[in-house]
Amino acid sequence: MHKLSTLSIVIPALNEQENIPQTMRAIPVDRLNKMGFEVEVLVVDNGSDDSTAELARKSGAKVIVQPVRGYGNAYKAGFANCSGDVIATGDADLTYPFSTLPDTLSVLLRDELDFLSTDRLDCLTPGSMSASHKWANHALSMMCRTLFRSPFRDSQSGMWIFRRRVLDGLRMRAGGMAFSQELKLEVFRSGYRCGELPIDYLPRGGQTKMRGLRDGSMVAFHMLAHRLRTFGRVGGMPPVPELEAAELEAAGLEAAGLEAAGLEAAGLEAEGLPAVPERKAAGAAWQDEKVAERVVV
């Protein structure tokens, strides 16, 4: 019998009242219980102005209110309030197959992995992703592999399952959509055992919150800023002395460098990058930059 006992499922949600009941019903709690896991579901209400929180609570979820909007801000609040030995994630828009959690959890345990991400791009259900969205995801994932030697085919996937301990020492800066790739890259850089599993990505329910070009551009800028911060850092990914022009060109970028506007979009100063402190031996450093959060009972 494994030594783990509790699985926390963290779901960020913004105005998802038409999807949240179905999302909750899709979670196979009985199957997970039979595997020996207690299950807690946390829905992080990220500033909704509809009935998302009320419906989530009625469906059995613990609701966390994070009024500071942003994908990463929602996850930081959820991770700070969950209690599981293992944490799983996914969106509240019906795109991620929560029904596969028992199989995904089995792979994590069987292969003794620390972090298991999912790959949407090889198993897209017709109508689940527009051509431009698909192209952008492939481009951003290629950038991750080029700049970080990342093993992930889908750097932007929002469904992961991992052991809680991997959060210790990570410095998570992104408050928005870039949080997904930043978490993967930080875990990989820190030397944890990582894996990736293909999933069926499904059509979204309701109206999309994505802002297309703007979101994609900010994710790309965050990635570049993250790469600059990792120069000379120890552990996980070996430092790369310089990025060759060919590598940047392969990622669809200019070798000349980042413009000030790009650094500002990534939350950095145009005059230079902030110093990165040493990794802490214990404690979740991603909690250093506090964001507002409270539990609704």
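Here's a quick rundown of the structure.

The rules we used
- Residues numbered from 1 in each chain as written.
- Predicted model: local features only at pLDDT ≥ 70, side-chain atom pairs only at ≥ 80, totals over all residues.
- Heavy atoms only, no water.
- Salt bridge = Lys/Arg side-chain N within 4 Å of Asp/Glu carboxyl O.
- Helix = DSSP H or I, 4+ residues; strand = E, 2+ residues; numbered from the N terminus.
- Buried < 20%, exposed > 50% of the residue type's maximum accessible area, 1.4 Å probe, protein only.
- Phe/Tyr/Trp six-rings, centres within 6.5 Å; stacked < 30°, edge-to-face > 60°.
- Contact = heavy atoms within 4.5 Å.

Observations regarding the pattern of salt bridges
Here is step 1 of the chain: Here the structure, examined in full by the defined rule, presents seven salt bridges.
Here is step 2 of the chain: Note that Arg153 is salt-bridged to Asp119, the shortest N-O span being 3.5 Å. Of the two residues, Arg153 is situated in the loop between helix H6 (131-148) and strand E6 (160-163) and Asp119 in strand E5 (residues 115-119); the sequence distance between them amounts to 34 residues.
Here is step 3 of the chain: Note that Asp154 and Arg120 form a salt bridge whose closest N and O atoms lie 2.7 Å from each other.

Structural notes on helix H4 (residues 71-81)
In an α-helix, one full turn covers 3.6 residues, which means residues spaced three or four apart are oriented alike.
Here is step 1 of the chain: Counting buried positions along H4 gives 10 out of 11 residues, so the element sits mostly inside the fold.
Here is step 2 of the chain: Taken together, the buried positions of H4 are Tyr71, Gly72, Asn73, Ala74, Tyr75, Lys76, Ala77, Gly78, Phe79 and Asn81.

What to know about the packing of aromatic side chains
Here is step 1 of the chain: Enumeration over the complete set of coordinates arrives at 10 aromatic pairs.
Here is step 2 of the chain: Arranged with centres 5.1 Å apart and planes meeting at 90°, the rings of Tyr71 and Tyr75 form a pair that is edge-to-face. Within this pair, Tyr71 and its partner Tyr75 are both found in helix H4, separated by four residues, close to a single helical turn.
Here is step 3 of the chain: Classification of Tyr71 by relative accessible area gives buried; the value is 14%.
Here is step 4 of the chain: Residues Tyr96 and Tyr201 carry aromatic rings whose centres are separated by 5.4 Å and whose planes lie at 70° to one another, so their mutual orientation is edge-to-face.

Brief notes about helix H5 (residues 101-110)
Here is step 1 of the chain: Every buried residue belonging to H5 is among Leu101, Pro102, Thr104, Leu105, Val107 and Leu108, and all of these are buried.
Here is step 2 of the chain: Looking at the buried positions of H5, the neighbouring elements they touch are strand E1 (6-13), helix H2 (29-34), strand E4 (86-89), E5, E6 and strand E7 (194-198).
Here is step 3 of the chain: Following H5 by one or two positions, Glu112 adopts a phi angle in the positive range, close to 55°.

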